[in-house]
Every structure is written in C-alpha cells, then in structure tokens.
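Breakdown of the fold
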Amino acid sequence: AQTAYTLEIQDNEPPTVFFVEETNERTETEEALTALVGLSRANDEPITVNWAMEGSAEQDKDYAVTVEPLVFAPGETGKTIEYTLLDDEEFEEAETAVFALTSVNDKKARIIRNAGLGHYDKHTLTILDDERPFAEVRDATITVAEGVGTVAVWIMLSHDYEEEEIEVIWEY
C-alpha cells in the first residue's frame, strides 16, 4: 500500500498587475524618473496593460510621458514607465500626476485595486515647486522731508518660502 501521495495545486487565477509604489514626491527640477509596474507571476502569453494619467499636474507643462500600453512578454514580471519632470519656472502649489492602471486586454490578468502591501492600482507623484521667491519694495516711491531720521521701507517676498533663509542686499 502506498503511504505517500503528491498533490499538485495549479493556480488558475490570472496574475495581477500593480504599481510597486503608491506614492512618490519629487521637485520639478528632477528629470528622468520611472514608475514601476509589476505582474504577480509570469504568464505564458503576452499581457497588455492600459494606463492613463490623472491629477492636477499638466502633461507637457509639468511632466512629459508617452502614454502607451505596457506589454509584458511571456515570462516577464516587471515594466517601467519612464517620464520627465519639467521645470515651468512658475511659482505654484504642489501638484499631482497620477498614473492609473485602467484595463488589461483579453482577461489574461487583472488589475489589483487598492490591496496595499506594495500592490496599488495608482501611483501618485507629488511634484513640489522649486521656484525661489523674489524680493520687491512694497511702495516704489517714498517721499520724506529732509532730516526726518529713520524711514521704514517694506520689502515683501513674492510668495511664502520655507526652504531656507533669504538674504536681501539693499543698495540705495
């Protein structure tokens, strides 16, 4: 009588497609970057994944990317989306560029939705502004009588800036 048996369990669920990172934060002066897309396991057939861009950042103003389907070749489990941040030289609040997996062709795989633990259906890039403020005199013309003594001159920054101390060199 046989006392040992071998049981093989075949996974019949399609592999899942996901972004490896949920979020990323960069200043607009950083140039070539990548977003990593994973496939939970290799497949015997090609898998085509469609994706799109969302968010408050504008394509070709804040970033440049070619939105085209990702094709996982048989045996492949990772792809990269390459993009470039563009310095628009304008002061603005932080903006987001959201890479979103939208569909998979032929149901050969499925998109994992908000599973966490390194598996995300969206990758949100926060683009931080890097423009330094400029200083300007609040009143361009100040008229005072001779011998008045001390006169206050208001110098204002064009926008809030908390990165470092700003020195204004005054010459008259």
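Scroll up for the structure.
Residues numbered from 1 in each chain as written. Predicted model: local features only at pLDDT ≥ 70, side-chain atom pairs only at ≥ 80, totals over all residues. Heavy atoms only, no water.

Before going further, it helps to spend a moment on the nonpolar core. If you look at the biggest cluster of nonpolar residues, it comprises 27 residues, and the most contacted ones within it are V17 and I81. Mapped onto this core, the elements with two or more residues apiece are β1 (16-19), β3 (32-39), β4 (47-54), β5 (63-65), β6 (70-72), β7 (78-85), β8 (95-104) and β10 (122-128). Other than its neighbours up to four places away in sequence, V17 contacts V37, G38, L39, V49, F72, L101, V104, A109, R110, I111 and I112. (Core = buried A, V, L, I, M, F, W, Y, C linked by side-chain atoms within 4.5 Å. Buried < 20%, exposed > 50% of the residue type's maximum accessible area, 1.4 Å probe, protein only. Helix = DSSP H or I, 4+ residues; strand = E, 2+ residues; numbered from the N terminus. Contact = heavy atoms within 4.5 Å.)

Spatial strand order, β2-β10-β8-β4-β6: 5 strands in an open sheet with mixed pairing. Two strands lie at the open edges of the sheet, namely β2 (23-27) and β6, each paired on one side alone. Averaged over all adjacent pairs, the angle separating strand axes in this sheet is 25°, with direction ignored. As paired elements, β4 and β6 share 3 bridges and run antiparallel to each other. What sits directly across from T48, in β6, is V71. (Pairing = 2+ DSSP bridges. Axes fitted to C-alpha atoms, helices over the stretch in contact; angles between N-to-C directions.)

In this section: the pairing of β1. The alternating pattern of β1 places T16 and F18 and V17 and F19 on opposite faces, both of which are buried. Relative to strand β9 (residues 110-111), β1 runs parallel, the two sharing 2 bridges. Paired with V17 across the strands is I111, a residue of β9. By the bridge criterion, 3 bridges tie β1 to β3 in an arrangement that is antiparallel.

Per the stated rule, a full pass over the model turns up 2 aromatic pairs. A ring pair is formed by Y83 and F99, whose centres lie 4.9 Å apart and whose planes are at 50°; its orientation type is tilted. Taken as a pair, Y83 in strand β7 and F99 in strand β8 lie far apart in primary sequence, 16 residues in all. Exposure remark for F99: the relative accessible area of 0% places this residue in the buried category. (Phe/Tyr/Trp six-rings, centres within 6.5 Å; stacked < 30°, edge-to-face > 60°.)

Let us look at the pattern of salt bridges. Under the definition given, this model contains 3 salt bridges. When the shortest N-O distance is used, the salt bridge between K61 and E92 registers 3.9 Å. Separated by 31 residues along the polypeptide, K61 in the loop between β4 and β5 and E92 in the loop between β7 and β8 bring together distant segments of the chain. Using a relative accessible area of 26% as the deciding quantity, one classes K61 as partly exposed. E92 sits in the buried class, given a relative accessible area of 14%. (Salt bridge = Lys/Arg side-chain N within 4 Å of Asp/Glu carboxyl O.)

Glancing now at a nonpolar patch on the surface. Together, V137, I142, V144, V148, V151, V153, I155, V168 and W170 line one region of the surface with nonpolar side chains, adding up to about 690 Å² of accessible area. Looking at the secondary structure, you find V168 in the segment after β12 (155-157). (Patch = residues over 30% accessible without salt bridge, like charges linked within 9 Å, V, L, I, M, F, W, Y side chains within 5 Å. Areas by Shrake-Rupley, 256 points an atom, 1.4 Å probe, with all protein chains shown as cover.)

With that settled, consider the environment of W154. For W154, the position within the fold is in the loop between β11 (135-137) and β12. Residue class for W154 comes out exposed when judged on its relative accessible area of 51%. Taking the C-alpha atoms as reference points, W154 and D139, 15 residues apart in sequence, are found 7.3 Å from one another. Filtering out sequence-adjacent residues up to four positions away, W154 remains in contact with E136, V137 and R138.

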